[in-house]
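If you want the building blocks of each chain, they are given just below.
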Amino acid sequence: MFLGILSATGHARAEGSGAEPPARVQLKYSGGPGCPSEAAFSREVKARIRRAVLWVDGDPARHITVRAELRGGRARGSLEIIEPSAEPTLRDFDAETCSEVASALALVVALALDPNARTEPLPPEPEAPPAERAAPAAASAPPKKDERAVRALRFSAGPAVTVSRNYAPVALVAPGLNFGARYESESLFAPALELTPLFGKTGRLGPDAPDATFSWLMARLDVCPLTLRASDLVRLMPCVTSELGELTVSGKKDALYPVSTPQHRFWADLGLSAKIRLVSDPLFVELGLSLLHGITEDTFELSAPEQKVYGGDQFNWLPSGMLALGVEL
């Protein structure tokens with residue numbers, strides 16, 4: 001059947017009185033791993049045919065489908081040619097390599113389109129100029145990695161100070177050290193963890209309380225799961241904040257009342273914070289505002305005469321602010 005198609009095509013060309021219009025052909029090629037590409041197969045077919053062919057994607061006069069693959073250690077290929085006025089032509093090929101199968105299929109396709117197609121071995125593809133051969137090597141060179149991107153986990157340290165209300169009758173000012181660990185990421189999920197030990201005492205680091213001295217020794221923990229990048233220099237971080245530590249209250253020695261035994265009380269609170277970090281790598285400045293809820297509540301009194309110093313429902317909500325400076329490694 002395939003030889004009959006070739007004879008009919010040759011006869012039409014011999015008796016034609018004028019130039020034939022270009023044949024409309026749709027060629028589809030599918031090559032498996034280790035087989036020539038579609039572009040290489042198409043180049044070989046076009047290099048063999050001598051007549052004009054119009055390659056189209058739709059409404060072709062001929063529809064040619066070619067498949068090549070490696071299967072079971074052998075290369076196999078198939079060819080199907082569908083024409084409007086003839087029975088479909090099917091051919092199968094088997095060879096050692098997929099290149100041999102693809103070349104055989106390309107030759108059959110070329111002869112089906114042009115009986116006078118070139119059947120001799122084709123010359124090898126010309127080598128690319130040296131400059132073109134060097135280009136892929138330059139393009140394949142790995143890009144330089146950003147040093148900050150390599151250090152996905154970064155650590156920081158620096159001084160910090162907080163100003164807090166409702167821990168004592170007056171605001172408590174407490175200095176401390178801020179230690180942090182942060183996961184470097186361009187996405188929204190860039191978690192950070194900060195631990196800040198703090199110490200404050202009324203009358204020394206902040207305002208003096210009227211009837212007693214309040215000392216505050218605590219550790220503040222901030223867990224910030226997200227980082228919003230307002231710009232390259234500004235980052236916004238919502239955080240969950242908790243404080244654990246000890247609050248100590250004692251009567252004043254110079255007061256009119258006898259000195260009471262110092263009272264030591266465990267302290268804990270939990271709440272939310274919002275942080276703004278200004279970054280100029282490796283330095284940063286961080287400002288945080290918090291609203292915490294006191295988990296523990298104590299009332300402090302002088303024993304003689306009996307006098308309430310501080311306590312009650314004032315301990316429920318604790319607004320505070322924190323300023324931290326540091327370096328990030």
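Since the structure is predicted, the reported quantities are computational estimates derived from the model, not experimental observations.

As for its position among the elements, Ala 110 is in helix H3 (residues 98–113). By relative accessible area, which is 0% here, Ala 110 ends up buried. Through-space distance from the C-alpha of Ala 110 to that of Arg 50 is 9.0 Å; in sequence the pair is 60 residues apart. Those residues in contact with Ala 110, other than ones at most four positions away along the chain, are Val 45, Arg 48, Ile 49 and Ala 117.

Here we take up the pairing of strand E8 (residues 189–201). One face of the sheet, then the other: side chains in a regular strand alternate in exactly this way. Along E8, the buried face is formed by Ala 190, Ala 192, Glu 194, Thr 196, Leu 198 and Gly 200; none of Phe 189, Pro 191, Leu 193, Leu 195, Pro 197, Phe 199 and Lys 201, which line the opposite face, is buried. Looking at chain direction, strand E7 (residues 172–183) and E8 are connected through five bridges and run antiparallel. For Gly 176, the partnering residue across the bridge sits in E8 and is Leu 198. From the end of E7 to the start of E8, which pair antiparallel, there are five residues.

On to the packing of helix H2 (residues 38–48) against H3, then. Axes are the key here: two packed helices are described by the angle between their axes and the distance separating the axes. H3 packs onto H2 with a crossing angle of 40° between their chain directions and a minimal axis gap of 9 Å. Taken together, the axis directions place H2 and H3 in an arrangement best described as oblique. The crossing of H2 and H3 is right-handed. Across the interface between the two elements, Phe 41, Glu 44, Val 45 and Arg 48 of H2 pack against Ala 102, Ser 103, Leu 105, Ala 106, Leu 107, Val 109 and Ala 110 of H3. Each residue belonging to the contact of H2 with H3 can be placed in one class, and the counts come to eight nonpolar, one polar and two charged.

The next subject is the packing of aromatic side chains. Inspection of the entire model under this criterion finds three aromatic pairs. Over the aromatic face of Phe 284 sits the side chain of Arg 277, whose NZ or CZ is 3.9 Å from the ring centroid.

Quick look at the confidence of the model for the protein now. Across the protein, the average pLDDT comes to 81, with 81% of residues at or above 70. Summarising per-element confidence for the protein, the mean pLDDT is lowest in helix H1 (residues 2–15) (37) and highest in strand E13 (residues 283–294) (94). Contacts of residues 1–17 to residues separated by more than four positions or lying in other chains number 20 contacts, the stretch itself having pLDDT below 50. This model gives residues 145–150 a pLDDT under 50, and the stretch forms six contacts once residues within four places in sequence are excluded.

Those residues of H2 lying buried are Phe 41, Ser 42, Glu 44, Val 45 and Arg 48. What you see down the axis of H2 is that its buried residues fit within an arc of 160°, all on one side. Those residues of H2 that are buried lie in contact with strand E1 (23–31), strand E2 (53–55), strand E3 (62–71) and H3.

The next point concerns the side chain of Arg 220. Within the secondary structure, Arg 220 sits in strand E9 (residues 212–226). Note on Arg 220: relative accessible area 2%, which makes it buried. At a separation of 3.3 Å, a polar atom in the side chain of Arg 220 contacts the side chain of Glu 243. In terms of polar contacts, Arg 220 uses its side chain to reach the side chain of Ser 273, at 3.5 Å. Non-local contacts of Arg 220, meaning those with residues more than four positions away in its chain, are made with Glu 194, Leu 195, Thr 196, Leu 198, Thr 241, Ser 242, Glu 243, Ser 273, Ser 290, Ser 320 and Met 322.

A cis geometry characterises the amide bond from Asp 281 onward to Pro 282, with omega recorded as 10°. Relative to the assigned elements, Pro 282 resides in the loop between strand E12 (263–280) and E13. Positive phi, normally seen in glycine, also occurs at Asn 166, with a value near 75°. By the secondary structure assignment, Asn 166 is in the loop between strand E6 (153–164) and E7.

The rules behind each value
Residues numbered from 1 in each chain as written. Predicted model: local features only at pLDDT ≥ 70, side-chain atom pairs only at ≥ 80, totals over all residues. Heavy atoms only, no water. Helix = DSSP H or I, 4+ residues; strand = E, 2+ residues; numbered from the N terminus. Buried < 20%, exposed > 50% of the residue type's maximum accessible area, 1.4 Å probe, protein only. Contact = heavy atoms within 4.5 Å. Pairing = 2+ DSSP bridges. Axes fitted to C-alpha atoms, helices over the stretch in contact; angles between N-to-C directions. Parallel < 35°, antiparallel > 145°, perpendicular 65-115°, else oblique. Left-handed = near helix turned anticlockwise from the far one by under 90°. Nonpolar A, V, L, I, M, F, W, Y, C, P; charged D, E, K, R; others polar. Phe/Tyr/Trp six-rings, centres within 6.5 Å; stacked < 30°, edge-to-face > 60°. Lys NZ or Arg CZ within 6 Å of the ring centre and 35° of its normal. pLDDT = per-residue confidence, 0-100. Arc of directions from axis to C-beta. Polar contact = N/O pair within 3.5 Å; in protein donor to acceptor, adjacent residues only side chain to side chain.

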